[in-house]
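Residue-level structural notes
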Amino acid sequence: MSKQVTVPSFNRRRVLLSIATTGLLSPLLIGGAEPHQGNDRHPIACRPPVPGADIIIGKRTDDILTFDPHENSSSTAAEIIGNLYETLITWDGTAYAPGIASKWGNPSKDNLNWEFYLSPGHVFSTGNPVSPNDIIYSFKRLFIIGKAPASALAPLGLTSENIEKSVKFVAPNKLTVSLPAGAATQLLFPFLASAAGSILDIKEVKTRLLVDTSSPPMKEFDWLDARFDRGAGWLKSSSAGSGPFRLNNAVRSDEIVLQTNCYHASYAKAHRIVVRDIPDGREQIRLLQKGKLDVGWNAEKPDPSVANSRKVASRKQAQSNQNLRDILVPRANLLVLGMNIGDASLSDPVREAIKISIDRTKLVSKQNASRWSPQQHFCPSPLLSLPTGQSDDLALDPARAKTLLNGTATLSLAYAEGAALSSVVRSLAEQLAAVGIAINLQPSVSGRAFFRGLAERNHQLALFSWSSDYLDPYSNAYAFCVNDDHAPTPAWYCQWQNPTIAEQALAAAVEPDTATRTNLYLNLDNTLRIEGPYLFLLEETAQVTTKTNIPMQVGVIDNFTRYPLSLHR
C-alpha cells in the first residue's frame with residue numbers, strides 16, 4: 001500500500017483603450033513605455049531551468065480567470081497566488097507564524113491596535129526590496145478595487161479612504177495597524193494571512209498601467225484612480241510578488257509554469273513548478289505510476305459502479321508502489337447544491353422538498369470516502385465546529401417531500417463536467433427522482449464556463465464547491481448570507497437577499513467574545529439551513545498523492561498550500 005500522511009487539522013481583464021487621432025484603438029501606457037511580458041529583470045546569478053528537473057503537478061485548473069490577488073475568486077488561482085506572493089503573517093498549520101513580519105504584539109485592550117516588526121531580506125522577483133509603501137499601497141489597492149476579496153473583509157472597517165491612517169510605519173521596520181471602533185478584530189489576522197493580504201511590488205505594478213485618456217484630467221496624479229486599470233490587466237497572467245515563484249505571462253490555463261524567484265532565500269535549491277490541467281483523478285494515477293507526474297491533486301480511485309477491472313487493477317498497482325504516498329488534509333471546502341429563487345419553479349415547498357430528500361451518506365458512498373464526509377452546515381469544520389444534529393424541520397423524509405411537491409416536477413442541474421462530481425450528480429438525480437423530481441443534467445465543459453453560466457443566473461439548480469477565502473467563519477457567512485451586488489457570492493448566484501440574516505452574520509463577525517460569537521454562528525446556521533436557498537452536502541479532505549521525495553505542504557485554506565521548493569534526495 002502507499003504510505004499515508006494525515007495532517008491535523010467573471011473576473012475579466014480590464015483593458016482601457018483610447019482612440020487616437022487616426023481613429024484606431026491603441027493602448028496608452030504610462031510614460032509611453034511599450035508593454036513587455038513577465039518579470040524580465042533577473043540577476044546575473046539566475047540560472048536557466050535544469051532540463052527534466054521540473055516538478056509536475058496535475059489538478060483541475062480550468063476555473064482560473066486571473067492571478068490578481070485583489071480580484072481573484074478562483075480556488076486554484078488562490079493556491080498558486082500563495083506561492084507567488086508573501087503576506088505579513090502566515091499560518092503554519094496550528095498557529096499564525098512570521099511572514100514579512102518577524103514578530104508582532106502590544107495589542108490594545110480592545111485589540112484594535114497592533115504592532116508588527118518587519119524582517120529584512122524580503123525581495124520581489126524584480127529585485128526591488130519589499131518596502132513600507134508596498135505594504136500600505138497593496139492594502140489600499142485591495143480596497144479601492146473593491147472586488148470579492150475586499151467585500152468579504154468589510155467588517156474590518158478598513159477602506160481605501162482610511163487605510164493610510166490605519167496602517168502606518170512609525171519606524172523603518174515597525175508597522176502599526178489601527179482598526180476603527182466596532183471593527184471585527186477577529187478578522188485582522190485571517191486577512192493578513194490570506195491571498196487578499198498579498199504584498200505587491202508597487203513599482204513594478206505602476207509600470208504596467210493602462211490609462212483611459214478620455215476621462216477628465218486629474219488635479220493630482222494617483223495611479224490608483226479609476227482612470228487607470230491599476231495593473232489588473234497585466235496581473236491577470238503575471239505576478240509582482242516576493243514569494244519563491246513568479247509568473248511570466250501565463251496565458252494558458254492548461255499548463256501554468258511557475259519560474260523561480262531568483263531573489264528568494266530558497267532560490268539555490270528551487271525547481272520550476274509546472275501545474276497542468278488534469279482534472280481526471282484516474283488519469284493522474286496513471287501518470288503518477290508512469291513517472292510523468294510528481295503530484296496528483298485528489299487522484300481518486302475509480303467509481304466502482306463504472307470502472308472496469310483494468311482501471312481498478314491500475315489503481316491497485318499505483319497503491320502498491322512504495323514511491324507514492326497520500327497526504328490527507330481537512331480543507332475549508334464545501335460541496336453545495338444551490339437553488340435559484342429567481343426561477344418560479346423553485347417555490348418554498350419545492351426547495352424544502354429537495355432539502356429533505358437527500359441522504360448525504362449515499363453521496364459519500366459514491367465517492368472516495370477518504371475525501372468526502374457529510375456536512376450539513378454553512379461553515380466547514382476546520383473553521384468552526386458546529387453540532388452535527390439536524391433540525392427536525394430538515395430531517396430526511398422522502399414521504400413528506402412527495403406531499404410538499406403535490407405532484408411531479410422537472411428541474412435542470414448545472415455542474416462542471418469532469419470535476420470528480422459525476423457520481424454525486426447521479427446520486428442526487430436518483431434520490432430526487434424517487435420523490436418525483438426529474439433532473440435534466442446541464443454539464444459545463446470547464447470551471448470557467450460553469451461559473452460564467454452561473455453569473456447569468458438563469459440556472460435552476462447548481463452543484464458547486466465553495467472554498468473559504470480566509471481562516472474565519474465570516475468568510476462563509478458573507479458568501480452565503482450577503483448579497484450586496486459587490487461580489488459573485490452564492491447568495492448573488494441564487495438571487496437571494498435577506499437583510500435580517502445578513503445583519504446576523506455581521507453581528508457574529510464583530511462579536512468579541514468567543515463563546516457568544518460561536519452561539520451567534522450556530523443560530524445563523526440553523527436559520528440559514530431552513531430559509532436559505534442551499535443544501536450543504538459534503539466537506540472535503542484533500543487527498544494529494546505525491547512521490548515520496550516531494551515535500552508537499554497542503555493548506556486548509558487554498559493560499560496556505562506550499563509547492564515543493566526542492567526534491568528530497
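Up top is the structure.
Note that this is a predicted model, so its numbers are computed, not measured.

If you tally the helices and strands in the protein, you get 18 helices and 20 strands. Surface summary for the protein: the accessible area is close to 23800 Å², and the carbon and sulfur share equals 52%.

We now examine the sheet that holds strand S8 (residues 113-118). Through backbone hydrogen bonds, the strands of a sheet pair up, either in parallel or in antiparallel fashion. What the four strands build is an open sheet, ordered S7-S8-S10-S9; its pairing is antiparallel. Of all strands in the sheet, those bounded by a partner on one side alone are strand S7 (101-105) and strand S9 (167-171). Strand-to-strand twist in this sheet, taken as the mean axis angle between neighbours without regard to direction, amounts to 30°. In the packing of helix H2 (residues 132-145) onto the sheet, contacts are made with S8, S9 and strand S10 (174-178), and the angle to S9 comes to roughly 165°.

Another aspect to go through is the packing of helix H15 (residues 474-481) against helix H17 (residues 499-510). Orientation of H15 relative to H17, taken along the N-to-C sense of each, is 170°, at an axis distance of 9 Å. Between H15 and H17, the angle is such that the two are roughly antiparallel. Facing Tyr 474, Ala 477 and Cys 481 of H15, the residues of H17 in contact are Ile 501, Ala 502, Ala 505, Leu 506 and Ala 509. Residue composition of the contact of H15 with H17, grouped by class: eight nonpolar, no polar and no charged.

Here the focus is H17. For H17, built from 12 residues, the straight-helix expectation of 16 Å at 1.5 Å per residue is met to within 8% by its first-to-last C-alpha distance of 17 Å. The complete set of buried residues in H17 reads Ile 501, Ala 505, Ala 508 and Ala 509. Summarising the axial view, the buried residues of H17 lie within an arc of 105°, below the 170-degree limit, and thus occupy one face. With respect to the buried face of H17, the exposed residues turned more than 90 degrees away are Pro 499, Thr 500 and Glu 503. In the core, the buried residues of H17 are packed alongside H15 and helix H18 (514-531).

The next point concerns the nonpolar core. Core analysis: the largest hydrophobic core is formed by 79 residues, its most contacted members being Phe 116, Phe 378 and Tyr 474. Among the elements that make up this core, the one with the highest residue count is H15 (six residues). In contact with Tyr 474, not counting residues within four places along its chain, are Ala 152, Pro 155, Leu 187, Val 482, Ala 505, Leu 506, Ala 509 and Tyr 521.

This part covers the packing of aromatic side chains. A complete count under the given rule lists 19 aromatic pairs for this structure. Measuring from ring centre to ring centre gives 6.4 Å for Phe 464 and Trp 466, while their planes differ by 80°; the resulting arrangement is edge-to-face. No difference in accessibility class separates Phe 464 from Trp 466, as the two residues are buried. Their ring planes at 75° and their centres at 5.1 Å tell us that Phe 480 and Tyr 534 sit as a pair that is edge-to-face. Highlighted residues: Phe 480 in helix H15 and Tyr 534 in strand S20 (residues 534-547), separated in sequence by 54 residues. We note that Phe 480, like Tyr 534, is buried. Three or more aromatic residues joined by ring pairs make a cluster, and in this case those are Trp 91, Tyr 96, Trp 104, Trp 114, Phe 116 and Phe 189. Above the ring of Tyr 117, the side-chain terminus of Lys 103 is found at 5.3 Å from the ring centroid. One Lys or Arg, Arg 457, reaches over the ring of Trp 492 and ends 4.3 Å from the middle of that ring.

The next thing to look at is the pattern of salt bridges. Scanning the entire structure with this criterion turns up 18 salt bridges. Across the pair Asp 348 and Arg 351 runs a salt bridge, and its minimum N-O distance is 2.6 Å. Highlighted residues: Asp 348 and Arg 351, both in helix H10 (residues 348-355), separated by three residues, approximately one helical turn. Using a relative accessible area of 54% as the deciding quantity, one classes Asp 348 as exposed. Residue Arg 529 is joined to Asp 525 by a salt bridge in which the shortest nitrogen-to-oxygen separation is 3.0 Å.

Here Asn 440 is to be found in strand S18 (residues 437-444). Among the residues examined, Asn 440 registers a relative accessible area of 44% and is labelled partly exposed. For the pair Asn 440 and Ser 412, spaced 28 residues apart in the sequence, the C-alpha separation amounts to 4.5 Å. If we skip the residues at most four places from it in the chain, Asn 440 touches Thr 410, Leu 411, Ser 412 and Leu 413.

Turning our eyes to something else, we now look at the packing of H17 against H18. Remark: H17 packs on H18, axes separated minimally by 9 Å, with the N-to-C direction vectors making an angle of 160°. Between H17 and H18, the angle is such that the two are roughly antiparallel. Seen from above, H17 lies across H18 with left-handed handedness. Judged by residue contacts, Ile 501, Gln 504, Ala 505, Ala 507, Ala 508 and Ala 509 of H17 engage Arg 517, Leu 520, Tyr 521, Leu 524, Thr 527 and Glu 531 from H18. Along the lines of polarity and charge, the residues of the contact of H17 with H18 split into eight nonpolar, two polar and two charged.

Moving on, we get to unusual backbone geometry. The backbone of Asn 106 sits at a positive phi, close to 50°, despite the residue not being glycine. Structurally, Asn 106 is set in the loop between S7 and S8. A relative accessible area of 57% means that Asn 106 is categorised as exposed.

Relative to the elements of secondary structure, Ser 444 occurs in strand S18. Look at Ser 444 and you get buried, because its relative accessible area is 15%. Not counting the four nearest positions on each side in its chain, Ser 444 is found in contact with Tyr 415, Ala 416, Glu 417, Ala 449 and Phe 450.

Rules and cut-offs
- Residue positions are counted from 1 within each chain, in the order its sequence is given.
- Side-chain atom pairs in this predicted model are given and counted only at pLDDT of 80 or more, local residue features only at pLDDT of at least 70, and totals for whole chains, interfaces and linings cover all residues.
- Heavy atoms throughout the structure, all of them, feed into the side-chain values; hydrogens and water do not.
- Numbering of helices and strands runs from the N terminus, with a helix taken as a DSSP run of H or I at least four residues long and a strand as a DSSP run of E at least two residues long.
- The protein chains shown are the only cover counted for residues, whose accessible areas, like all others here, come from Shrake-Rupley with a 1.4 Å probe.
- Here, a strand pair is defined by DSSP locating no fewer than two bridges between the strands.
- Only the stretch in contact is used when fitting a helix axis, every axis being a line fitted to C-alpha atoms; angles between N-to-C directions are given from 0 to 180 degrees.
- Throughout, a contact is declared for two residues whenever any of their heavy atoms are within 4.5 Å.
- Angular relationships are summarised with four words: roughly parallel below 35 degrees, roughly antiparallel beyond 145, roughly perpendicular across 65 to 115, and oblique for the angles in between.
- Following the grouping adopted for this structure description, the nonpolar residues are Ala, Val, Leu, Ile, Met, Phe, Trp, Tyr, Cys and Pro, the charged ones are Asp, Glu, Lys and Arg, and the polar ones are all others, Gly among them.
- A helix is expected to reach a length of 1.5 Å times the quantity of its residues less one.
- Here's how the labels work: a residue is buried when its accessible area is under 20% of the maximum for its type, exposed when over 50%, partly exposed in between, all with a 1.4 Å probe on protein chains only.
- For this quantity, the arc is that covered by the directions from the helix axis to the C-beta atoms.
- We define a nonpolar core as any set of buried Ala, Val, Leu, Ile, Met, Phe, Trp, Tyr and Cys residues linked to one another through side-chain atoms lying within 4.5 Å.
- Classification of ring pairs rests on two measures: the distance between centres of Phe, Tyr or Trp rings, Trp counted by its six-membered ring, which must be within 6.5 Å, and the angle between planes, read as stacked under 30 degrees, edge-to-face over 60 and tilted in between.
- Only Lys NZ and Arg CZ are tested; either one counts as a charge over a ring when it is within 6 Å of the ring centre and within 35 degrees of the ring normal.
- Any carboxyl oxygen of Asp or Glu within 4 Å of a side-chain nitrogen of Lys or Arg constitutes a salt bridge here.
- Each crossing gets its handedness from the near helix: less than a right angle anticlockwise from the far helix is left-handed, clockwise is right-handed.

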